[in-house]
Amino acid sequence: MRYLTYLVIACVLLTACSGSAPVQTIEPLQVPVLQVQSGSGITYNDYPASIEGKENLEIRPQVSGILTNIFVDEGAFVTKGQPIFKIDQAPFLEKLNNARALLRSAHGALANAQLEIEKLTPLVAGKVVSEYQLRTAQQAKETAQGNVDQANAAIASEKINLGYTLIKAPCNGYIGRLLKKQGSLVGPNDPAALTDLSDVEQVRVYFAFGETDFIQFKKQYGGTTIAEKVKRVPPVQLILADDSIYSVRGKIDLFDGQFDKNTSAITIRATFQNTNGLLRSGNTGKIRMGIGYAGKVIIPQSATGEMQDKIFVYVIQPDNKVQKRLITIFGKTGESYLVKDGLKAGERIVTKGFDHLQDGDTVKPELVSNTAQRLVKNN
């Protein structure tokens, strides 16, 4: 009997010592969640651009000769009519004086022809000489008059050539490099110009649309023609090479007539005022244009991840499991994305902490305010 009692006690102790530990349950990760909404926003696209002055002129000599004076330096600002080069005038003064001498000789011949007519006229009337001699004298006068006219034209031509020896600025602008030095022989057929002159009080900025951008542009703005749509385009921004924004906004004023067959792009021109001369011909930059969208899903950029140039979000399923989903976007508006595909209004997405999530994890969602909508309203 005592033996059975000991046996029961030993079994109880053995059972107690071999009992399993209680199972611990893992709580779902609590994450902030945003319910996606739709709204309106503007995305901004940047297009590479080249800058040219309103006038970009090559300064070339119109007569040949020795360059005797250079009145400006490289990069100098000149005004319309200001002398910038001078070619040796001596040969042209000589030609002008020779033309004037020929004119005096022609006037003398004309006067002699008139005297001959005056002498023969009464003699013909008195039938002392034949009428043929008078007609010959009248013809000689016509020839002499022609010589006078020709001499006057030669003088005018030589005056023009003499004027070409002083080369003046055809417009306001900045002088480029001076490719010829004082004492150089210059002429109209030289392969290189004396210099370039650029009027940059206004600058023309050229950029291009691809076919998709062009179609979107036509949809966005009212009007039946491109000219009517251009009038409705708001001012655009110019982003300079250092990524700073030029202080003055410009206006699109020209679309090319056709697409380039090689690039499938159409050239567009925007004009900017440049009264401070900050921009010069040859500068590069980017044109920033806004495109408006209505009724699109808007989410904070901070609620997305990026991997290999693809954007993804974590969507909360009805059973509170997360699904990693790729999305495509129209572009950015402030600190938010305008979603093109991949999300619908009303769905929930994780806004923070998704770096530690895996597809299929169960989470405990904590709904937060839709900051994306607030961000759009503030932009």
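The following paragraphs examine the structure supplied in this document. (Residues numbered from 1 in each chain as written. Predicted model: local features only at pLDDT ≥ 70, side-chain atom pairs only at ≥ 80, totals over all residues. Heavy atoms only, no water.)

**As for the overall build of the chain**
Here is step 1: Of regular secondary structure, the chain possesses 6 helices and 19 strands.
Here is step 2: Against the compact-globule benchmark of 21 Å for 379 residues, the chain has a radius of gyration of 44 Å, which places it well outside the compact range.
Here is step 3: A principal-axis box enclosing the C-alpha atoms of the chain has dimensions of 190 × 50 × 35 Å.
Here is step 4: A burial count over the chain gives 34% of its 379 residues as buried.
Here is step 5: In the chain, the proportion of contacts linking residues at least 24 apart, taken out of those at least 6 apart, comes to 74%.
Here is step 6: Summing over all exposed atoms, the chain offers an accessible surface of approximately 23100 Å²; the carbon and sulfur share of this is 52%.
Here is step 7: Across the chain, the mean location of the 43 positive side-chain charges is 4 Å away from that of the 37 negative side-chain charges. (Helix = DSSP H or I, 4+ residues; strand = E, 2+ residues; numbered from the N terminus. Rg over C-alpha atoms; globule rule 2.2 N^0.38 Å. Buried < 20%, exposed > 50% of the residue type's maximum accessible area, 1.4 Å probe, protein only. Contact = heavy atoms within 4.5 Å. Areas by Shrake-Rupley, 256 points an atom, 1.4 Å probe, with all protein chains shown as cover. Lys, Arg positive; Asp, Glu negative; His and termini not counted. Charge placed at Lys NZ, Arg CZ, Asp CG, Glu CD.)

**Here's the deal with the packing of aromatic side chains**
Here is step 1: Summed over all chains, the structure comprises 12 aromatic pairs.
Here is step 2: One aromatic cluster is present, built from ring pairs that chain together Tyr-47, Phe-207, Phe-209, Phe-214, Phe-217, Tyr-221, Phe-255 and Phe-259.
Here is step 3: Taking NZ or CZ as reference, Arg-280 lies 3.7 Å from the ring centre of Tyr-174, over its face.
Here is step 4: For Lys-324, the ring lying beneath its charged end belongs to Phe-312, and the centroid distance is 4.3 Å. (Phe/Tyr/Trp six-rings, centres within 6.5 Å; stacked < 30°, edge-to-face > 60°. Lys NZ or Arg CZ within 6 Å of the ring centre and 35° of its normal.)

**As for the packing of helix H2 (residues 90–125) against helix H3 (residues 131–164)**
Here is step 1: Interhelical geometry of H2 versus H3 gives an angle of 165° and a closest axis separation of 8 Å. Considering the angle they form, H2 stands roughly antiparallel to H3. Taken as a pair, H2 and H3 cross one another with a handedness that is left-handed. (Axes fitted to C-alpha atoms, helices over the stretch in contact; angles between N-to-C directions. Parallel < 35°, antiparallel > 145°, perpendicular 65-115°, else oblique. Left-handed = near helix turned anticlockwise from the far one by under 90°.)

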